[in-house]
Amino acid sequence: MTLITSCLYAFGGSFAFAFVFNIPKNKLVLSAIGGLLGQLTYIIFQTIISNDVALYFLATIAISLYAEILARVTKSPTTLFLAVALIPLVPGGGVYYTMVYLLQENIELGVTTGLHTLGISGALAMGIILVSSSFNLIRKVMIHNKRKKKAVAISYKE
Amino acid sequence: MTGSQLSHIAMEIGVTLLSNGAETYRVEESMHRICMAMGALSAEIFVVPTTIIMGMTFANGDHMTRTHRIHTRGINLMKVEFINSLSRKVCYEEMSYEEVLTELHRINSTPPYPYFLQVLALGFVAQMFTLFFGGNFQASCIGFVIGVGIKVQTDVMARFETNIFFINIVGGFIAATVALAASGLGLTSQMDAIIIGSIMTLVPGLAITNSIRDIIAGDYLSGLTKGIEALLIGTGIATGVGIPLSLLSAFVRV
């Protein structure tokens, strides 16, 4: 039950953030669904994978795919969907606990949490890089093929 | 269309994109495409988050350089979206100088969401993320109050052109102080969830996204600049939260 409500909270938070970013009216809900999707992926894979960083990586891949596909369909910038959907995955808790442990002079735990937070941020970056680069590659290949076909058609005509 | 008119349109579009939160490569690509579609022979555009430099040559041998310094940057993705579709339209359809200018003016004067709605939205963000990180309903209401307070504080400080580092220190300070006071008064026992939830309102989501996307596109300079901005904001928040936690926790039993 708490797992389902956490998805709803992620959706609500993303939806409110979409207002702050001034996202156009017709795309408010679409961009907030990205936030829900990230949390949902995290929860689903939690049953199989126990590694936190890998879970964040998978969740980022899911939201990047969602954002890239939606950007192609609606012909609008990817950032519109990605920035909002990424917010629930940002490790705010990690940063906070790192600082609390360091303030309590619990250096060992502080450094461990800090490195873990760094790992999560790296996973977010890698997830976005992987999906966006693949999409760019596919687009470039498609443009290349289209040009080739055109050139062939022209040479046939001549 | 004359060369100076063309450069005017391209520069206006680039400036609007860059100062409202578009990625660097999007600005460069849009400006380049517009220049080429409207009759420049070649166009070289260099964009970093604070400056646009544009040089172009024309078929009759003229050349022209224009620079623009960006002083204030905000987040308004509505304008980015509209400008994006405008520049697509400019590239594929014939549009006169006046038509593009009126269209640009219309986009620039599109009002953002009303201010009270944005304040409420940020309060709602804090409330939702307090719940998200395991707080109960009472804790989330305190989070809502902090979120509203942080929004007003950031806007007031941004109006006086305070640097972004200090704004976030004060934001984190407010979040931790109010949460500490609330738990000191016995209103809640979930101080951690309230603080984490309310500092999520300060998280630089767009800076992180844009920095990663810029680095993918090969604009390492802009990517690093934005990445460092995100890192500075994060450090600022942690510093701001740390001050009351270390100083006031002597007085408040947590």
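Residues numbered from 1 in each chain as written. Chains lettered and ligands numbered in written order. Predicted model: local features only at pLDDT ≥ 70, side-chain atom pairs only at ≥ 80, totals over all residues. Heavy atoms only, no water.

Quick look at the overall build of chain A
Tallying secondary structure elements over chain A gives six helices and zero strands in all. Taken from N to C terminus, the helices and strands of chain A fall in the order α-α-α-α-α-α. Once the C-alpha set of chain A is aligned to its principal axes, its extents read approximately 80 × 35 × 30 Å. The burial tally for chain A puts 47% of its 158 residues in the buried class. Total accessible area on chain A is roughly 8300 Å²; 70% of this is exposed by carbon and sulfur atoms. (Helix = DSSP H or I, 4+ residues; strand = E, 2+ residues; numbered from the N terminus. Buried < 20%, exposed > 50% of the residue type's maximum accessible area, 1.4 Å probe, protein only. Areas by Shrake-Rupley, 256 points an atom, 1.4 Å probe, with all protein chains shown as cover.)

Focus: the packing of helix α1 (residues 3-18) of chain B against helix α2 (residues 24-37) of chain B
All names here are of chain B. Here α1 crosses α2 at 160°, and the two axes come no closer than 9 Å. Overall, the two elements α1 and α2 adopt an arrangement that is roughly antiparallel. With respect to the hand of their crossing, α1 and α2 are arranged in right-handed fashion. Of α2, the residues touching α1 (which contributes L6, A10, M11, I13, G14, L17 and L18) are R26, V27, S30, M31, I34 and C35. Taken together, the residues of the contact of α1 with α2 break down into 10 nonpolar, two polar and one charged. (Axes fitted to C-alpha atoms, helices over the stretch in contact; angles between N-to-C directions. Parallel < 35°, antiparallel > 145°, perpendicular 65-115°, else oblique. Left-handed = near helix turned anticlockwise from the far one by under 90°. Contact = heavy atoms within 4.5 Å. Nonpolar A, V, L, I, M, F, W, Y, C, P; charged D, E, K, R; others polar.)

Some thoughts on the interface of chain A and chain B
Interface extent is often summarised as the accessible area lost during association of the parts. Counting from both sides, the interface comprises 43 residues of chain A and, opposite them, 44 residues of chain B. Of the roughly 4000 Å² buried between chain A and chain B on both sides combined, carbon and sulfur atoms contribute 73%. Our count for the contact surface shared by chain A and chain B stands at two salt bridges. Residue E81 of chain B pairs with K27 of chain A through a salt bridge whose shortest N-O separation is 2.7 Å. Taken together, chain A and chain B are joined by 11 residue pairs in polar contact (both at pLDDT 80 or more). When residues of the side of chain A that touches chain B are traced back to their parent elements, those giving at least two are α1 (2-20), α2 (28-46), α4 (79-86), α5 (92-103) and α6 (107-157) of chain A. At nine residues, the largest contribution of residues to the side of chain A that touches chain B is made by α1 of chain A. (Buried area = accessible area lost by both parts, 1.4 Å probe. Salt bridge = Lys/Arg side-chain N within 4 Å of Asp/Glu carboxyl O. Polar contact = N/O pair within 3.5 Å; in protein donor to acceptor, adjacent residues only side chain to side chain.)

Section: the sheet that holds strand β3 (residues 63-69) of chain B
Residue and element names in this part refer to chain B. Pairing is antiparallel across the open sheet formed by three strands, whose spatial order is β1-β2-β3. On the outer flanks of this sheet lie β1 (42-48) and β3, each paired with one strand and no other. Put simply, the sheet's adjacent strands are angled 10° from each other on average, direction ignored. Here α1 sits on the sheet and contacts β1, β2 (51-57) and β3; the angle it forms with β2, its principal contact strand, is near 155°. Contacting β1 and β2, α2 runs over the sheet at an angle of about 160° to β1. (Pairing = 2+ DSSP bridges.)

Topic: the pairing of β2 of chain B
On a regular strand, each side chain points to the face opposite its neighbour's, so the side chains alternate between the two faces of the sheet. Residue and element names in this part refer to chain B. The sheet contact formed by β1 and β2 spans seven bridges and is antiparallel. In the strand pairing of β2, V48 is matched with T51. Two successive antiparallel strands, β1 and β2, enclose a turn made up of two residues. Pairing of β2 with β3, which is carried by seven bridges, proceeds in the antiparallel orientation. Residue M56 lies in a different strand from β3, and its bridge partner there is M64. In sequence, β2 turns back onto β3 through a hairpin of five residues, with G61 there showing a positive phi of about 95°.

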